[in-house]
Amino acid sequence: MDERGLNDDGTIAREGALDQVAAAFVPVVDAARAGITETFGARLHSAYLYGSIPRGTAIPGVSDLDLLIVLHDEPSDPDRAAARALETALDQAFPQINGAGIGLSSTRLTLSELERYDGGFFVACLCTPLLGEDLAGQLPRYRPTGLLARETNGDLGLVLPRWRTRAAEAVTDTDRRTLSRWVGRRLTRTGFTLIMPRWGGWTSDLDRSAELFGRYYPERAAQMRIAAATARTLSADPAVLAMLIDDLGPWLATEYTAIHGEKAPRP
């Protein structure tokens, strides 16, 4: 991998590895592996780690645990309930993580043409295999193109109304901090993929993403730095959420659509 996160052939290098997991998080990963196997059994096709833990940048007590579970068939409501229960169990058992998130998918959806440059890219480049057969072998090699930018984050405009509703309904600092993590992460990553084809590389590091974005949009650089900081340290300040959701967010959605277009509609 070079300084732009690329392989020698110019394709995006896969992030993370199990041997990069810090010692403090090894028991968490082991428990997640056991819990996934016990919960989903023969229906499990594969499971993956992603985020700061497999990249080796997680901070004990601050970082969360991110997992993707791919089933042989389509996830059901009981599957989603089981995943939420496992999230809660892991979060309560391990103080070194600040929350756990488990995404569910199917082999059909992950390998579908519709998800080729979103869910497929996510598995092939941003996920670390934890259990089962790695689906990356059935997916293409990816480059930092406008198509990848459009299909990963070209739907920000659809997300903003949901954020506004959640912000309006947030009544506690905990509610606002939880929302701020999602908003900060999504805006920082969308800001990066906006400029990704021009920069010509890939990174998932939030600080670097904000810094690279600021090279192309200096007038919005300060706001993006706040988004990146909020994603890591969280904020219960309504004014910060309002700035991100009602100012930076709408501008970013409009600029993104103008440059890359809108993401293909999902059913």
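The text that follows walks through the structure, step by step, so that each part is easy to find. Bear in mind the structure is a predicted one, so any value in this text is a computation, not a measurement. (Residues numbered from 1 in each chain as written. Predicted model: local features only at pLDDT ≥ 70, side-chain atom pairs only at ≥ 80, totals over all residues. Heavy atoms only, no water.)

1. A word on a negative patch on the surface
Here's step 1: Together, D2, E3, D8 and D9 line one region of the surface with negative charge.
Here's step 2: Note on placement: D2 falls in the segment before α1 (26-40). (Patch = residues over 30% accessible without salt bridge, like charges linked within 9 Å, V, L, I, M, F, W, Y side chains within 5 Å. Areas by Shrake-Rupley, 256 points an atom, 1.4 Å probe, with all protein chains shown as cover. Salt bridge = Lys/Arg side-chain N within 4 Å of Asp/Glu carboxyl O. Lys, Arg positive; Asp, Glu negative; His and termini not counted. Charge placed at Lys NZ, Arg CZ, Asp CG, Glu CD. Helix = DSSP H or I, 4+ residues; strand = E, 2+ residues; numbered from the N terminus.)

2. Here we look at the packing of aromatic side chains
Here's step 1: Evaluated as defined, the whole model comprises 9 aromatic pairs.
Here's step 2: Ring geometry for F121 versus W202: centroids 5.0 Å apart, planes at 75°, classification edge-to-face. Placement of F121 in helix α5 (residues 119-126) and of W202 in the loop between α8 (173-199) and α9 (206-216) is noted, with a sequence separation of 81 residues between them.
Here's step 3: Arranged with centres 5.2 Å apart and planes meeting at 20°, the rings of F213 and Y217 form a pair that is stacked. For the pair F213 and Y217, one class covers both residues: buried.
Here's step 4: An aromatic cluster of three or more residues is present, and its members are Y117, F121, Y142, F192, W199 and W202. (Phe/Tyr/Trp six-rings, centres within 6.5 Å; stacked < 30°, edge-to-face > 60°. Buried < 20%, exposed > 50% of the residue type's maximum accessible area, 1.4 Å probe, protein only.)

3. Quick notes on the environment of A149
Here's step 1: Along the chain, A149 falls in helix α6 (residues 146-153).
Here's step 2: Leaving out residues up to four positions away in the same chain, A149 has contacts with G154, T193, M196, P197, Y256 and H260. (Contact = heavy atoms within 4.5 Å.)

4. Comments concerning the pairing of strand β3 (residues 100-106)
Here's step 1: Counting buried residues in β3 gives 5 out of 7 residues, a clear majority hidden from the surface.
Here's step 2: As defined by bridge partners, strand β2 (residues 65-71) adjoins β3 across 7 bridges and the pair is classed as parallel. Bridge pairing in β3 links D66 to G101.
Here's step 3: Following the backbone out of β2, through helix α3 (residues 77-93) and into the adjacent parallel β3, one traces a crossover that is right-handed. (Pairing = 2+ DSSP bridges. Right-handed = clockwise from strand over helix to strand, strands pointing away.)

5. Brief notes about unusual backbone geometry
Here's step 1: With phi around 70°, L234 is a residue other than glycine that occupies positive phi space.
Here's step 2: The residue L234 is located in the loop between α10 (221-233) and α11 (238-260) in this model.

6. Description of α5
Side chains of residues three or four places apart in an α-helix project in the same direction, reflecting 3.6 residues per turn.
Here's step 1: Summarising burial for α5: 6 of the 8 residues are buried, a large majority.
Here's step 2: Taken together, the buried positions of α5 are occupied by G120, F121, V123, A124, C125 and L126.
Here's step 3: Where α5 is buried, its residues touch β1 (44-50), β2, α4 (107-110), β4 (127-132) and α6.

7. Comments concerning the pattern of salt bridges
Pairs can form between side chains of opposite charge whenever their charged atoms are close.
Here's step 1: In this structure the tally under the stated criterion is 23 salt bridges.
Here's step 2: Between D118 and R266 there is a salt bridge whose closest N-O contact spans 3.9 Å. Pair noted here: D118 is in the loop between α4 and α5 and R266 is in the segment after α11, with a separation of 148 residues, a long-range link.
Here's step 3: Accessibility expressed as a relative area gives 18% for D118, which makes it buried.
Here's step 4: Residue D155 is joined to R186 by a salt bridge in which the shortest nitrogen-to-oxygen separation is 2.5 Å. You can see D155 sitting in the loop between α6 and α7 (156-169) and its partner R186 sitting in helix α8, a full 31 residues away along the chain.
Here's step 5: Residue classification places D155 among the buried positions, given a relative accessible area of 19%.
Here's step 6: R186 sits in the buried class, given a relative accessible area of 18%.
Here's step 7: Connected through salt bridges with shared partners, the residues E115, D118, R150, E151, D155, R186, K263 and R266 form a single ionic network.

8. Some details on the nonpolar core
Here's step 1: Counting residues in each nonpolar core, the largest one holds 49 residues, and the members touching the most others are W163 and L187.
Here's step 2: Every element with two or more residues in this core is listed here: β2, α5, α6, α7, α8, α9, α10 and α11.
Here's step 3: Counting residues per element, this core draws most heavily on α11, which supplies 10 residues.
Here's step 4: Not counting residues within four places of it along the chain, the set of residues in contact with L187 comprises L156, W163, M224, A227, L244, L248, G249 and L252.
Here's step 5: In this structure, F25, A32, I36 and L130 belong to the second largest nonpolar core, which totals 25 residues. (Core = buried A, V, L, I, M, F, W, Y, C linked by side-chain atoms within 4.5 Å.)

9. Details of the side chain of D155
Here's step 1: A polar contact of 2.5 Å, which involves the side chain of D155, links it to the side chain of R186.
Here's step 2: With residues near it in sequence (within four places) discarded, D155 still touches R186 and K263. (Polar contact = N/O pair within 3.5 Å; in protein donor to acceptor, adjacent residues only side chain to side chain.)

10. What to know about the sheet that holds β4
Here's step 1: If you walk across this open sheet you meet the 4 strands as β3-β2-β1-β4, and the pairing is mixed. Each edge of the sheet is formed by a strand with only one pairing partner; in this case those strands are β3 and β4. On average, adjacent strands in this sheet sit at an angle of 25° to one another, irrespective of strand direction.
Here's step 2: Together, β2 and β3 form the strand contacts of α3, whose direction differs from that of β3 by roughly 155°.
Here's step 3: Sheet strands touched by α5: β1, β2 and β4. Its angle to β4, the strand with the most contacts, is close to 90°. (Axes fitted to C-alpha atoms, helices over the stretch in contact; angles between N-to-C directions.)

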